[in-house]
Amino acid sequence: MPTSPTSAQPPTEPQRGPAPDASAPRPPEDVHGRHGAVSGTRGPASDEGRGPAVAAGRSAAVAGGRGAAAAEGRGAAEHRRPAPDRGRSLLGPALELVHTGRAPTRSALTGALDVTRATAGAVTGELEALGLITVDSRPAGGGRGRPSHRLAVNPAGPVVVATQIHADSLSVALAGLGGRLEEVRYLPLPDATDPVRMLRAVAEAGAELARATTRRCLGAGLALPNPVTEPDGTALAALHFAWPSGTPVADLFAQEVQRADFGPRARSPLPAAVANDANLAALAEHRHGAGRDARHLLLVTSGHRGVGGALVIDGRLHTGSAGLALEVGHLTVDPQGRPCVCGNRGCLNAETDPEALFVAAGRTPDPGGPILDQARRLARSAADDPGAADAVAHVVDRLGLGLAGLVNILNPDRIVLSGLHLDLLAAAPERLAAVVADRCLWGRSGRVPIVPAQVDHAGLAGAAELAWQPYLHDPQAVYAGRG
Ligand SMILES: [Zn+2]
């Protein structure tokens, strides 16, 4: 992360582990891979003017939130052909390729980075020395020709703490590299849902997981069900808990993370970052799920209440000028429709969320259980239940209107639907595609693929991506804060 203290300041420890092939000939691009990582990398966010002098907790919290977008900006297209003349490190792009499963072998990495075998060998050797990946030189078997070393994330390597605040619960998990969460733990909301109590509860739950592992903890990420401004990290319209608009959630979370005991193996101070859950879900889907390799990925999701959206362009989250882009929930899809929390009528929010499906079916959800789970079951029952099928058709038509508006504006090459929308897609895929196509200027000839999300706990998985972001940008940052 260009603006985090760890990437902007030289580590206090030796910057490199043993270089297994130090005697190998070193082509020009290797210089940056091996020596330029700490100070030579500047992503787009660094132009926004926050310098390394900012206090550690705040800087990490804010830089992390914005940094997801910043370092993502060095997306697939760019890191196929690094630009050493601009001082870019090869370590970060190489780690991201292994992290996202795009470079399962050293020869795949060599091709993806467009470097020599010797350079790829030096880069993988350094990432292995940093404890982040494993390099297996045993023959993979099968084909003729020289077998390539297999690359994988280090299963015993460091972890980050991923946390999420939902409308009705909290969730926490540890996550190594590779996009896989360890066991996900759900907790009830605390009795008092003011910002400090809530953020303390998630920080302490995350700290408990960090203390219980023998792996080093490098950061904490938090997904929130409300918009989060950039670069200052405040919560807007946090309607679930009636938090005051402008609550400084990035600062508060960073404070609570510093206050909690993450154990002796955690980096100190522990970087903490906060972002909106739909944005983070899109990031997780782009790196590890249904959005892989999409260049203009639109994600639309409906959780327990309301509708969220996110856009990933060339690997970079599009968050707008202040972090508030893609508020798709307030697109009008029926001017005479149901009232929305924003004060208008017929927003996508109010017309396609779980409650809307129940209203369309003329049924009442059981107040004792999560409404999202019940709505998903109702959507899935459409094949055998005519009442449910009619309700699904009603809601799918409105979802299609909203998606069509977005397609006309954004021209995505893939739409990923999650939450209840995933089940609506499964129940009526042709109807949904037809509504979208009918309303799109170019829809009849070239339909944009609408696919179901693949990542489990995507908000939480995205929170892990957020916490990993400084290290994907600069893997040598793992040396920082070592006690
Ligand atoms: Zn609205």
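Each value, and the rule that gives it
Residues numbered from 1 in each chain as written. Predicted model: local features only at pLDDT ≥ 70, side-chain atom pairs only at ≥ 80, totals over all residues. Helix = DSSP H or I, 4+ residues; strand = E, 2+ residues; numbered from the N terminus. Buried ≥ 20, exposed ≤ 12 C-beta atoms within 10 Å, placed from the backbone. Contact = placed C-beta atoms within 7 Å. Pairing = 2+ DSSP bridges. Axes fitted to C-alpha atoms, helices over the stretch in contact; angles between N-to-C directions. pLDDT = per-residue confidence, 0-100. Parallel < 35°, antiparallel > 145°, perpendicular 65-115°, else oblique. Left-handed = near helix turned anticlockwise from the far one by under 90°. Nonpolar A, V, L, I, M, F, W, Y, C, P; charged D, E, K, R; others polar.

## Some remarks on the overall build of the protein
Within the protein, the secondary structure is distributed over 17 helices and twelve strands. Going through the 483 residues of the protein one by one, you find that 54% of them count as buried. Contacts spanning at least 24 positions in sequence make up 70% of the contacts within the protein whose residues lie at least 6 apart.

## Focus: the pairing of strand β4 (residues 169–175)
In regular strands, side chains alternate between the two faces of the sheet. For β4, the buried fraction is high: six of the seven residues fall into the buried class. Linking two consecutive strands that pair antiparallel, namely strand β3 (residues 159–165) and β4, is a turn of three residues. Bridge count for β4 against strand β5 (residues 185–188) is four bridges, and the pairing is antiparallel. Bridging from a neighbouring strand, serine 169 pairs with proline 188 of β5.

## Examining the sheet that holds β3
What the five strands build is an open sheet, ordered β5-β4-β3-β6-β7; its pairing is mixed. Both outer strands of the open sheet, β5 and β7 (272–276), are each paired with one neighbouring strand and no more. Each adjacent strand pair in this sheet contributes to an overall mean axis angle of 20 degrees, direction not counted. With five bridges connecting them, β3 and strand β6 (residues 217–224) associate as parallel partners. The partner of alanine 162 across the bridge, within β6, is glycine 221. In the packing of helix α10 (residues 277–288) onto the sheet, the strands contacted are β3, β6 and β7, and the crossing angle to β7 comes to about 100 degrees.

## Some details on the confidence of the model for the protein
On average, residues of the protein score 83 in pLDDT, and 78% of them reach the 70 mark or higher. Across residues 1–88, confidence stays below pLDDT 50; counting only partners more than four residues off in sequence or on other chains, it has 204 contacts.

## Quick word on the environment of alanine 480
Tracing the chain through its elements places alanine 480 in the segment after α17 (458–473). Along the primary structure alanine 480 and leucine 218 are separated by 262 residues, whereas in three dimensions their C-alpha atoms are 9.3 Å apart.

## A look at the environment of alanine 427
By the element assignment, alanine 427 lies in helix α15 (residues 420–427). Here the alpha-carbon distance between alanine 427 and alanine 389, two residues 38 residues apart in the chain, equals 8.1 Å. Setting aside residues no more than four positions away along its own chain, alanine 427 makes contact with Ala379, Arg380, Ala382 and Val392.

## What about the sheet that holds strand β11 (residues 414–419)?
Pairing is mixed in the open sheet, where five strands are placed in the order β10-β9-β8-β11-β12. Of all the strands in the sheet, just β10 (316–317) and β12 (450–452) have a single pairing partner and so form its edges.

## Here's the deal with the packing of helix α6 (residues 106–113) against helix α7 (residues 117–129)
Axis separation between α6 and α7 bottoms out at 9 Å; the angle between their running directions is 110 degrees. Relative to α7, α6 is oriented roughly perpendicular. Crossing of α6 over α7 shows right-handed handedness. Touching Arg106, Leu109, Thr110 and Leu113 of α6 are Arg117, Ala120, Gly121 and Thr124, all from α7. Taken together, the residues that form the contact of α6 with α7 break down as three nonpolar, three polar and two charged.

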